[in-house]
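# Notes for the structure review
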Amino acid sequence: MTKFLELCFAGVALGAQYALVALGYVVIYRATSVINFAQGGFVMIGAYLAYNFHQTWGLPFYLAVVLAMIGGAMVGALVEALILRRLVGRPAFVIIMVTIGILILIEQLVPVVWGQDPLALGDPWGVRSIKLGDIALAVADFWTLGIVAVVLIVFFLYFKYSRMGVAMRATASDQEAALAQGIGAGLVIGVSWAIAGAVAALAGVTLAGGGGGVRLDIELVALAALPAIILGGLDSPGGAVVGGLVIGLSQSLASGYQPEYAPWLGSGFDLALPYIIMVIVLLVRPYGLFGQREVRRV
Amino acid sequence: MSSEREQPILRVHDIDVVYGEAIHVLRGVSLEVPTGAIVAMLGANGAGKTTLLRACSGLLGVQQGSVTSGMILLDGVRIERAKPASVVRRGLAQVMEGRRIFGELTVEENLRAGAFTRRDRSGIRSTYEHVLELFPVLGERRRSQAGYLSGGEQQMLAIARALMAAPRLLLLDEPSLGLAPMIVEKIRDIIAAINRTGTSVLLVEQNASMALSIAHHAYVLETGRVVREGPGPELLDDPEIRRLYLGASEGPRHSFTTLAPTSRVRPWMP
Ligand SMILES: Nc1ncnc2c1ncn2[C@@H]1O[C@H](COP(=O)(O)OP(=O)(O)O)[C@@H](O)[C@H]1O
Ligand SMILES: [Mg+2]
């Protein structure tokens, strides 16, 4: 039981990180109908920026987290303005290939700027854990959950109630009709990329914290988060969060129990599991758990 | 230089519109909407009515179309190359064909989206209240998802959403399309009421009897050209108009272009 609860808690914390990355995918998908494969690059940049703000320039850690998110937002908006804006109207696969190109570019650039070796983020969480009865819970997981919860709440309030949030949803619903109201698609797409960059950066920071370290391979979280959006429905921010949590939880439980109970599945099964779940869900619900078909009566 | 006559709120002067650099849809179209008037634009399916409205509202771009010659003046300012947002800010709002409400959003959110270009909170608030007075049913359903409204309610929402921009000129693209006669009458009365509050209207319709019953002036568009114009009541009494657009079935259907060879449209050659 103890082990189960520990795995669940760690799984939810991991899932929260997936949820952030998945949310970035969904926001961009809703604005452009394209999956942004550069998302993993934004995760890296976020972690390295936080390292600079905190370790290099000595700013307080939590300020560094906020600045890293702002930096991520700026990188996202910049990539959109400099590259993707020029591709408006091109076929989706062209744009997707370009986002892969951007990812490769970031992957090459980051080690040039920050080096190959892992860096210590210097977060106040460390590898400490606290005991709740018999259960040991990582401090970093607590903070990850808390920060992600706050950011998600802010995001959903913004999305639901702000002028820009309404405009973003209107554009996702009918881009041309939104344009007729004076809601420029370019503005919405730019804001979407900025949001994706910010949440990805936060995912990077939380991954690098808790002893994870600022490393080149944290971008892989973006690949693992991909099944989360397919699972939750490409166009559903709420689905992204649920999908992320499901993936994180199942991965955590699999890594805890599978070597013991089903060793014949081989090592690394937990990494494949998200994709297995994704395929099963898609067989039952082709639009994902929360994906919407159009509600439109004529 | 300056004429005594008040400047029309909209003047379309001799425009040509081409889609995709190849499909020539409007040819030398000119029209005027005098300030404060309701002007109707009649025409069969495919005549180019929607294209004309897109040219005015800046929506040609998304269709790979453009105004290749001529000009469009809103209050004397050229807008034929303007972006939709700047046209809306200048006081022109369009109700698109097929309603095009945001089905996943609530009624209230649809209306907020209509006010996107405005920043004056108190102004938006008072427009909102005014709009709900005009359409009480939208007030009752303001938290409903717009996709679940009836067709007539959706059309009202589309008009209300456009009004949220506080336009001085309202473009309506076939607001009667697909609606029951009783609802069409209601929509017509609402358009007349909107006009009485000082909003000029350019009303595109295939339903000529509806449009002509409230229009001060009307134009007829056929395969991309204006083939006829006149005061609303005059066109309403015109036997030719009656035959072509009001379903009076005397003799075979034919068009103005076949009646008047001088204005026959040369078919476009690829
Ligand atoms: N986006 C477009 N691209 C190419 N041709 C178009 C486009 N939209 C309309 N057309 C063509 O322009 C002509 C006029 O269309 P439209 O303006 O929609 O007419 P109406 O609104 O009077 O029915 C039609 O022949 C139509 O096929
Ligand atoms: Mg039309």
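Now for a look at the structure at hand. Computed from a prediction, not measured in an experiment: that's the story for all the values here.

As a further point, take the site of ligand 1. Residues and elements named next belong to chain B. Around ligand 1, a shell composed of 13 residues is seen, among which Gly46, Lys49, Thr50, Thr51 and Gln63 lie nearest. Measuring from an oxygen atom of ligand 1, one finds a side-chain N or O atom of Lys49 at 2.8 Å. Here ligand 1 has 560 Å² of accessible area as a free molecule, and 69% of this is covered by the chains. Contributing elements (two or more residues each) for the shell around ligand 1: strand S2 (23-33) and helix H1 (49-57). Tallied by class, the residues present in the shell around ligand 1 amount to 5 nonpolar, 6 polar and 2 charged.

Across the contact, 30 residues belong to chain B and 26 residues belong to chain A. Both sides together, the interface formed by chain B and chain A hides about 2,600 Å², and carbon and sulfur atoms give 53% of it. The largest contributions to the chain B side of the interface with chain A come from Phe102(B), Glu104(B) and Phe116(B), which together make up 26% of the buried area. Applying the counting criterion to the chain B and chain A interface returns 4 salt bridges. Notably, a salt bridge pairs Glu109(B) with Arg169(A), separated by 3.0 Å at the nearest N-O pair. Inspection of the region where chain B meets chain A yields 8 residue pairs in polar contact (both at pLDDT 80 or more).

Turning our eyes to something else, we now look at the packing of helix H5 (residues 139-161) of chain A against helix H10 (residues 237-261) of chain A. All names here are of chain A. Relative orientation of the contacting elements H5 and H10 amounts to 160 degrees, with a least axis distance of 11 Å. In this view, H5 runs roughly antiparallel relative to H10, as classed from their interaxial angle. Considering how the two elements wind past one another, H5 and H10 form a crossing that is left-handed. Of the residues in H10, those touching H5 at Leu152, Phe155, Phe156 and Phe159 are Pro237, Gly238 and Val241. When its residues are assigned to classes, the contact of H5 with H10 shows 6 nonpolar, 1 polar and no charged.

What follows is about the coordination of the magnesium ion (ligand 2). All names here are of chain B. Only Thr50 (OG1) and Glu97 (OE) from the protein reach the magnesium ion (ligand 2) as donors, at distances of 2.0 to 2.2 Å. You can see Thr50 sitting in helix H1 and its partner Glu97 sitting in the loop between strand S6 (92-95) and helix H3 (107-114), a full 47 residues away along the chain. Of the residues examined, Glu97 reaches a relative accessible area of 29% and is grouped as partly exposed.

Below, the discussion takes up the sheet that holds strand S1 (residues 10-19) of chain B. Residues and elements named next belong to chain B. Ordered in space as S2-S1-S4-S5, the 4 strands form an open sheet in which the pairing is antiparallel. Either end of the sheet is taken by a strand with one partner, and the two such strands are S2 and strand S5 (77-78). Lying on the sheet, H1 is in contact with S1, S2 and strand S4 (65-74); it crosses S1 at an angle near 110 degrees.

Bringing the packing of aromatic side chains into the picture now. All names here are of chain A. Going through the model one piece at a time under the given rule, you end up with 10 aromatic pairs over all chains. Between the aromatic rings of Phe9 and Phe142, the centroid separation amounts to 4.9 Å while the plane-to-plane angle is 50 degrees, which identifies the pairing as tilted. Here Phe142 lies in helix H5 and Phe9 lies in helix H1 (residues 2-32), a separation of 133 residues in the sequence. Note on Phe61 and Tyr62: the rings are 5.2 Å apart at their centroids and 80 degrees apart in plane angle, and the pair reads as edge-to-face. Residue classification places Phe61 among the buried residues on the basis of a relative accessible area of 6%. Accessibility expressed as a relative area gives 34% for Tyr62, which makes it partly exposed. An aromatic cluster is present here, built from Phe61, Tyr62, Trp125 and Trp143 joined pairwise through their rings.

As a further point, take the side chain of Thr127(B). Mapped onto the elements, Thr127(B) comes out in helix H4 (residues 121-134). In this structure the side chain of Thr127(B) is engaged in a polar contact, spanning 2.9 Å, whose partner is the backbone oxygen of Gly123(B).

What follows is about the side chain of Asn36(A). All names here are of chain A. When you line up the elements, Asn36 lands in the loop between H1 and helix H2 (39-56). By relative accessible area, which is 0% here, Asn36 ends up buried. A distance of 2.8 Å separates a polar atom in the side chain of Asn36 from the backbone nitrogen of Ala38. Within the structure, the side chain of Asn36 is placed 3.3 Å from the side chain of Gln39, a separation counted as a polar contact.

Reading the values: the criteria
Residues numbered from 1 in each chain as written. Chains lettered and ligands numbered in written order. Predicted model: local features only at pLDDT ≥ 70, side-chain atom pairs only at ≥ 80, totals over all residues. Heavy atoms only, no water. Near = heavy atom within 4 Å. Polar contact = N/O pair within 3.5 Å; in protein donor to acceptor, adjacent residues only side chain to side chain. Areas by Shrake-Rupley, 256 points an atom, 1.4 Å probe, with all protein chains shown as cover. Helix = DSSP H or I, 4+ residues; strand = E, 2+ residues; numbered from the N terminus. Nonpolar A, V, L, I, M, F, W, Y, C, P; charged D, E, K, R; others polar. Contact = heavy atoms within 4.5 Å. Buried area = accessible area lost by both parts, 1.4 Å probe. Salt bridge = Lys/Arg side-chain N within 4 Å of Asp/Glu carboxyl O. Axes fitted to C-alpha atoms, helices over the stretch in contact; angles between N-to-C directions. Parallel < 35°, antiparallel > 145°, perpendicular 65-115°, else oblique. Left-handed = near helix turned anticlockwise from the far one by under 90°. Donors = N, O, S within 2.8 Å, 3.2 Å for Na, K, Ca; no water. Buried < 20%, exposed > 50% of the residue type's maximum accessible area, 1.4 Å probe, protein only. Pairing = 2+ DSSP bridges. Phe/Tyr/Trp six-rings, centres within 6.5 Å; stacked < 30°, edge-to-face > 60°.

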